[in-house]
Amino acid sequence: MEIKILGTGCANCKNLEKAARMAVEELHLNATVVKEEDITKIMSYGIMRTPAMVVDEKVLFYGRVPSVSEIKEMLTR
Amino acid sequence: MKTKLLNYIRILLLPLWFIIYFNLGWLTDTLVYDVFNMTKGTHLTESVWFFIFEVPKVLLLLTIIIFVVGIIRTWFSPERTRKALEGKSLFTGNVMASVLGIVTPFCSCSAIPLFLGFVESGIPLGVTFSFLIAAPMINEVAIVLLFGLFGWKTALIYVGTGLFIAITAGWVIGKLHLEKWVEDWVYTLKAGQAPEEEKLTFNDRIKRGFEAVKEIVGKVWIYVMIGIAVGAGVHGFVPQDFMASFMGESVWYSVPLSVLIGIPLYSNAAGIIPIVSALIEKGAALGTALAFMMAVIGLSLPEMIILRKVLKLPLIFTFIGVVGTGILIVGYLFNFIF
């Protein structure tokens, strides 16, 4: 599983990255978490609000930082 | 299920809110005069009373309004706003973009993707600017603080003049046809298909309201405290009419000076409004104070630096110039009327 955090480096983007890493760790997922800061790449996902989370090239959610437990729930769904 | 249960518990907090809010005056009196045993009428007592009364009042107001606005905002999104603005003529587009700028969830860190998303779908530059001016300037935190510290009339004036500036400044920028000053790569960008919108239940929306409270109040409470502490100091210690000689109506250059000082100063509404409220009490003119507030909140250096990625420098300066002029007009107008 490849998780991408889309964001241009604001505080919320960093919070989301942290939350995503924690969720992955707590779920013992075999996943990589990478940060995408290139705006042209971010726009290619069609979003207008950052931060966003992309799982295997599909946008899971955008424009907010859910709690770790909510991210865990979404990742296991 | 868990969300539902939590929501019920949260709703039960509402009566507690009302009890505290409507007994604040009495609670503050008890605390200051009986518990702290301070003498009525001294400068220090005045300041302490002001601080102990205003901080919980403003925080309580913020909590409830941000909660309600947070719920309302779940029905709005930049994606929907963009769709509503597509194909609108210049003036209508400016009006709609400014009004939608108030209710659409926006954070200055999303200014770039939002700008790109708007331009990409063919929304005119001037209409996009109306949105980018209104969204940060007219926000719920500013409205709550103005309502709490000045009353509903000033809050309405702020919203009204803010809208006026966003509409006209966007319209002027549109008329100037400044597309050449947008970075070239913006027009070659290929944005992807927008992802599907999430479906929310009513319980999800209430939960989002609480998330908004946690996020925004968690961020601004410290500025509210500092702002009110400075305001309390001014309230208790600065002599009456002290500000009249710098920021009074009779000082003609006070409006442009306030705008010039306000642009590089960066603070959010939560920090600046309590201080401005104390300044007005000490004789600063409303128009001058309004202009200062708008320049600080509406024109911020960090946002300009963010926008520099997509806009060439002449456009940034035009943007500051046009909005600054609008603020100037508002300042003079209100000094003239009141």
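Quick caveat: nothing in here was measured; it's all calculated off a predicted structure. (Residues numbered from 1 in each chain as written. Chains lettered and ligands numbered in written order. Predicted model: local features only at pLDDT ≥ 70, side-chain atom pairs only at ≥ 80, totals over all residues.)

**Structural notes on the overall build of chain A**
Reasoning step 1: When its secondary structure is counted, chain A shows three helices and four strands.
Reasoning step 2: For chain A, the N- to C-terminal ordering of α and β elements is β-α-β-α-β-β-α.
Reasoning step 3: In terms of principal-axis extent, the alpha carbons of chain A reach across some 30 × 25 × 15 Å.
Reasoning step 4: Counting across all 77 residues of chain A, residues that qualify as buried make up 35%.
Reasoning step 5: Long-range pairs, those at least 24 residues apart, make up 66% of the contacts in chain A between residues at least 6 apart in sequence. (Helix = DSSP H or I, 4+ residues; strand = E, 2+ residues; numbered from the N terminus. Buried ≥ 20, exposed ≤ 12 C-beta atoms within 10 Å, placed from the backbone. Contact = placed C-beta atoms within 7 Å.)

**Concerning the overall build of chain B**
Reasoning step 1: Across its full length, chain B holds 17 helices and zero strands.
Reasoning step 2: By its C-alpha atoms, chain B is 70 × 60 × 30 Å across when sized along the principal axes.
Reasoning step 3: Out of the 338 residues belonging to chain B, those deemed buried represent 40%.
Reasoning step 4: Counting contacts in chain B only where the partners sit at least 6 residues apart, residues at least 24 apart contribute 88% of the total.

**Examining the interface of chain A and chain B**
Reasoning step 1: Counting residues at the interface gives 18 residues for chain A and 18 residues for chain B.
Reasoning step 2: Secondary-structure elements contributing two or more residues to the side of chain A that touches chain B are α2 (39-43) and β4 (58-62) of chain A.
Reasoning step 3: Of the residues forming the side of chain A that touches chain B, the biggest block, four residues, is contributed by α2(A).
Reasoning step 4: Here the side of chain A that touches chain B is composed, by residue class, of 10 nonpolar, seven polar and one charged. (Nonpolar A, V, L, I, M, F, W, Y, C, P; charged D, E, K, R; others polar.)

**Here we look at the sheet that holds strand β3 (residues 52-55) of chain A**
Residues and elements named next belong to chain A.
Reasoning step 1: Strand order in the open sheet made by the four strands is β2-β1-β3-β4, with mixed pairing throughout. Of all strands in the sheet, those bounded by a partner on one side alone are β2 (32-36) and β4. Adjacent strand axes in the sheet meet at a mean angle of 25° when their direction is disregarded.
Reasoning step 2: Of the pairings in the sheet, the one linking strand β1 (residues 2-6) to β3 comprises four bridges and is antiparallel in character. In the sheet register, K4 faces β3, and the bridge partner there is V54. (Pairing = 2+ DSSP bridges. Axes fitted to C-alpha atoms, helices over the stretch in contact; angles between N-to-C directions.)

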